[in-house]
Amino acid sequence: MKWRKWNNILHRDIGYLAFGLTIIYAISGIAVNHMADWNPNYKIEEMHSTIAPITAEITETKEIINTVLKQLNIDDIPKNSNFLNRETIQIFLENNTVTTNLSTGEVSQEIVKSRTLIRPMNFLHLNHPKKLWTWVADIYAIALAFLAITGLFVLKGKKGIKGRGAWLAAIGMSIPILFKLLYF
Amino acid sequence: MIKKITITAILTLIFVNLSFATDGEIKTNILGKPITLTEITKISTILANPQELLGDTVLVKGTIIDVCKKRGCWMEIASDSSFQSIKIKVKDGEIIFPLSAKGSSALVEGVVEQLVFTKEEVIAMEEHQAEEHGTEFDPSTITEGKTIYRIRGIGAQITK
């Protein structure tokens, strides 16, 4: 049949086109699905150390920051700072937050590293670029729906939608229905 | 066939990274809905008279001193007054505050809201925070419930 030939050609070629985005959405989907257990965008490393307490004679914030960073052998230029209370200062560096108790000298560093591959995937998956990407994502979603429908008609006969395909499609559709009944 | 799949996968990853290249270096990151207010309300004013501003949409400005480590669903911004800060909470997924934004300046528009917690809820909350920060927490230090004022974020501009 002519329509099936075109169905299969379109299914195949649109499938090829959708391959890359499907992989991105699949990997990012798993990553963001488990946000409660991990941060899908950043690796967070905590480091604890102790430096010599900052004496009360040092009162200027700039001087306090320099003294702390010098003791930690950090050369980075701080982008900002904040006093949480009279004794605790936060020094914000690029991807590192240094929190220091001035009277005890206890230091905790929170070093943040971007997940090179997954973060850009999440960025696209969650439509953070917006603008033109919204259209790309919409077209991709339509393509996925098209692939799902044309996929039903790729094969004819016993293994097609009139046989085994009908059962498998019904099982697949029953999964969201079951969870809707359980949780919704 | 494997060669073709590998090439396609590599090209896809290059495309993704190119699309993302500007994000890492964005000077001003605009999140959520566009900011409509022009007049900034001081955080110290909100915290001094929270009941008066409850339910009002305000525009606040300050340094980001903490960000939710898992979902990026809240951030704490420093007040204009010493040792004071306010939490900006957003609906999970609607806005994600980047963890790398700590130390950056934020301009946030949102609604002032009040949360009343029982003693048990405060203990659970503090326990969760201690776990998240890897610090110790003694539940006996909590003797009563508390009321927290925060801002439900609608839109934000984060400047490096």
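Residues numbered from 1 in each chain as written. Chains lettered and ligands numbered in written order. Predicted model: local features only at pLDDT ≥ 70, side-chain atom pairs only at ≥ 80, totals over all residues. Heavy atoms only, no water.

Chemist: Explain the sheet that holds strand S5 (residues 106-114) of chain A here, please?
Modeler: Sheets are built from strands paired through backbone hydrogen bonds, the pairs being either parallel or antiparallel. Residue and element names in this part refer to chain A. If you trace the 5 strands from one edge of the open sheet to the other, you get S1-S5-S4-S3-S2, paired in antiparallel fashion. Here the strands that pair on one side only, and so sit at the sheet edges, are strand S1 (42-50) and strand S2 (80-83). Taken over all neighbouring pairs, the strand axes of this sheet differ in orientation by 15° on average, direction set aside. With 9 bridges joining them, S1 and S5 adopt antiparallel strand pairing. Bridging across to S5, Lys43 finds its partner in Lys113. Of the strands in this sheet, S2, strand S3 (88-93) and strand S4 (96-101) touch helix H2 (residues 61-71), which is tilted by about 75° from S3. (Pairing = 2+ DSSP bridges. Helix = DSSP H or I, 4+ residues; strand = E, 2+ residues; numbered from the N terminus. Axes fitted to C-alpha atoms, helices over the stretch in contact; angles between N-to-C directions. Contact = heavy atoms within 4.5 Å.)

Chemist: It is not clear to me how the side chain of Asn7 of chain A should be interpreted in this structure. Could you clarify?
Modeler: Relative to the helices and strands, Asn7 of chain A resides in helix H1 (residues 2-33). Once you skip the residues sitting within four places of it in the chain, Asn7 of chain A turns out to touch Thr150, Phe153 and Val154 of chain A.

Chemist: Please clarify how the nonpolar core should be interpreted in this entry.
Modeler: Proteins that are soluble and globular tend to have nonpolar side chains buried together. Residues and elements named next belong to chain B. Counting 25 residues, the largest nonpolar core has Val60, Met75, Ile77, Ile88 and Phe97 as its most contacted members. Taken together, the elements giving at least two residues each to this core come down to helix H2 (43-48), strand S2 (57-67), strand S3 (74-78), strand S4 (85-89), strand S5 (105-117) and strand S6 (146-159). The element best represented in this core is S2, accounting for 4 residues. Once residues lying within four places of it in the same chain are set aside, the contact partners of Ile88 are Val60, Cys73, Trp74, Met75, Ile77, Phe97, Val108, Ile151 and Gly153. (Core = buried A, V, L, I, M, F, W, Y, C linked by side-chain atoms within 4.5 Å. Buried < 20%, exposed > 50% of the residue type's maximum accessible area, 1.4 Å probe, protein only.)

Chemist: I keep staring at helix H3 (residues 118-125) of chain A and nothing clicks. Help me out?
Modeler: All names here are of chain A. Along H3, 6 of the 8 residues are buried, which leaves the element largely enclosed by surrounding structure. For H3, the set of buried residues is Arg119, Pro120, Met121, Asn122, Phe123 and Leu124. Looking one or two places after H3, you find Asn127, whose phi comes out positive at around 50°.

Chemist: It is not clear to me how the pairing of S6 of chain B should be interpreted in this structure. Could you clarify?
Modeler: Both faces of the sheet carry side chains from a regular strand, because those side chains alternate between them. All names here are of chain B. Where strand S1 (residues 28-32) meets S6, 5 bridges bridge the pair, whose relative direction is antiparallel. Counted as the bridge partner of Thr28 is Thr159 from S6. Pairing geometry for S5 and S6, over 13 bridges, is antiparallel. Within the sheet, the bridge partner assigned to Val112 lies in S6 and is Ile151.

Chemist: Explanation requested: the pattern of salt bridges in the structure shown.
Modeler: When the charged atoms of two side chains with opposite charge come close together, those side chains can pair. Considering all chains together, one arrives at 11 salt bridges over all chains under this definition. Two residues, Lys113 of chain A and Glu45 of chain A, come together in a salt bridge whose shortest N-O distance is 3.6 Å. Of this pair, Lys113 of chain A sits in strand S5 while Glu45 of chain A sits in strand S1, placing them 68 residues apart in sequence. Judged by its relative accessible area of 36%, Glu45 of chain A falls in the partly exposed class. In this structure, the salt-bridge partner of Arg150 of chain B is Glu113 of chain B, at a minimum N-O distance of 2.7 Å. Residue Arg150 of chain B is located in strand S6, and its partner Glu113 of chain B is located in strand S5; the two are separated by 37 residues in the primary sequence. (Salt bridge = Lys/Arg side-chain N within 4 Å of Asp/Glu carboxyl O.)

Chemist: What exactly am I supposed to notice about the interface of chain B and chain A here?
Modeler: Much of the literature gives interface size as the accessible area that the parts lose upon coming together. With 27 residues of chain B in contact, the opposing surface of chain A contributes 36 residues. Between chain B and chain A the total buried area reaches about 2,900 Å² when both faces are included, carbon and sulfur atoms providing 63% of it. For the pair chain B and chain A, the interface holds 3 salt bridges. Linking chain B to chain A there are 10 residue pairs in polar contact (both at pLDDT 80 or more). Sorting the residues of the side of chain B that touches chain A by element identifies helix H1 (2-20) and S2 of chain B as the ones contributing at least two each. For the side of chain B that touches chain A, the element with the highest residue contribution is H1 of chain B, accounting for 10 residues. (Buried area = accessible area lost by both parts, 1.4 Å probe. Polar contact = N/O pair within 3.5 Å; in protein donor to acceptor, adjacent residues only side chain to side chain.)

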